[in-house]
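Report on the structure
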Amino acid sequence: MIRILAVAAFALPMAAQAQEILPLAELLSNTHIHGIAEGPSGHESVTLATHHGIFTIDLSAQTARLMGSSRDDFMGFSQVPGGPGKAFASGHPASGGNLGVIRTEDGGASWLPVSEGIGGPVDFHNMEVSRADAGVIYGIGHDGAVQRGTDSGATWAITGTAPEKLIDVATSARDPNRIFAATEGGLFVSADAGATWQSLLPAAAPVSTIDMGADGKLRAAQLGRGLIELDEATGAVTLVTAELPGGYLLYLAVTKAEPLRLMALSGDGTLVVSDDGGARWRAAVD
């Protein structure tokens, strides 16, 4: 079973109140990361969705800046393709309860409610805006039901049930009905919005994270095998590397402007970056 590294999460709120900008190493030592995405300021900019809010990371300066005033726990987070400032999220308010579905147009500086979801307010731990149609959003909570919105999250329908022991999801770059699932039992795909699922890999080893690139290639980290690349157009599967930092990856993010630029959380809790499609990795913190 994949376990996310536990840290002293109680320490960050006091530090964040004292200073809006803090060292990246301090942030990573004092919170949980729940999502990684492109930042608003070019190649060395990263967005982190955390247990204590949304942070913009400057890799060159090794700093983290809290966006806005929210200290909410952003469990589900997905950027809208084409603009790093636009994103949807779900999770828990700092005061308790569930956030439902919320959205930002300014990189997380402010948030607006969108919907409570079905049976909500929901707490989607897995959330993904379709790479093929930005108006389609998938959300999956503790009950495993796949909820799908086709109007930018205003209304939702239950379209299926996720595979057991789900870890991560990704969407097709070609078809808004096609969704991928990384699970402890392997990699699965659904061509009908989650109604039915088929296995994509012969081995049933856990797949800890997946993401779809703008180049139409799905990257997936599989325990015991390494980082693999699946070409959605041809179905060809390629092993990129058998060596992953910390043994596996979590929250893999492929930048849209530079498909070979990857970011992830390593198995030992380190923020890592690759500039060659995942063949080699380096720690983001010096």
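All figures in this text were calculated on a predicted structure; none of them were measured in a lab.

**Remarks on the nonpolar core**
Buried together is how nonpolar side chains tend to be arranged in soluble globular proteins. In this structure, I36, L48, I57 and L59 are the most contacted members of the largest nonpolar core, which totals 22 residues. Going through the elements one at a time, α2 (24–29), β2 (33–38), β3 (45–50), β4 (53–58), β5 (63–66), β22 (249–254), β23 (262–266) and β24 (271–274) are the ones with two or more residues in this core. Ignoring anything within four residues of it in the chain, the contact list for L48 reads L27, L28, I33, G35, I36, G53, I54, F55, I57 and L271. Counting 13 residues, the second-largest nonpolar core is a separate cluster that includes A182, V207, M212 and I228.

**Digging into unusual backbone geometry**
A cis amide bond links G120 to the next residue, P121, at an omega of 15 degrees. Relative to the helices and strands, P121 is located in the loop between β9 (112–115) and β10 (126–129). Of note in the backbone geometry, K165 takes a positive phi value of approximately 55 degrees without being a glycine. When you line up the elements, K165 lands in the loop between β13 (157–161) and β14 (166–171). A positive phi angle, near 60 degrees, is found at A193, a position not held by glycine.

**Describing the packing of aromatic side chains**
Per the counting criterion, the structure on display carries 2 aromatic pairs. Relative to W111, the ring of F74 lies with its centre 5.0 Å away and its plane at 35 degrees, an arrangement referred to as tilted. Taken as a pair, F74 in strand β6 (residues 73–79) and W111 in the loop between β8 (101–104) and β9 lie far apart in primary sequence, 37 residues in all. In this pair, the class of F74 matches that of W111, namely buried.

**Observations concerning the sheet that holds strand β18 (residues 207–212)**
With respect to topology, 4 strands assemble into an open sheet ordered β18-β19-β20-β21, the strand pairing being antiparallel. The sheet is open, and its two edges are formed by β18 and β21 (237–241), each paired on a single side. With direction set aside, neighbouring strand axes in the sheet form an average angle of 25 degrees. Judged from the 5 bridges that link them, β18 and strand β19 (residues 217–222) form a sheet pairing that is antiparallel. Paired with I210 across the strands is A220, a residue of β19.

Conventions adopted
Residues numbered from 1 in each chain as written. Predicted model: local features only at pLDDT ≥ 70, side-chain atom pairs only at ≥ 80, totals over all residues. Heavy atoms only, no water. Core = buried A, V, L, I, M, F, W, Y, C linked by side-chain atoms within 4.5 Å. Buried < 20%, exposed > 50% of the residue type's maximum accessible area, 1.4 Å probe, protein only. Helix = DSSP H or I, 4+ residues; strand = E, 2+ residues; numbered from the N terminus. Contact = heavy atoms within 4.5 Å. Phe/Tyr/Trp six-rings, centres within 6.5 Å; stacked < 30°, edge-to-face > 60°. Pairing = 2+ DSSP bridges. Axes fitted to C-alpha atoms, helices over the stretch in contact; angles between N-to-C directions.

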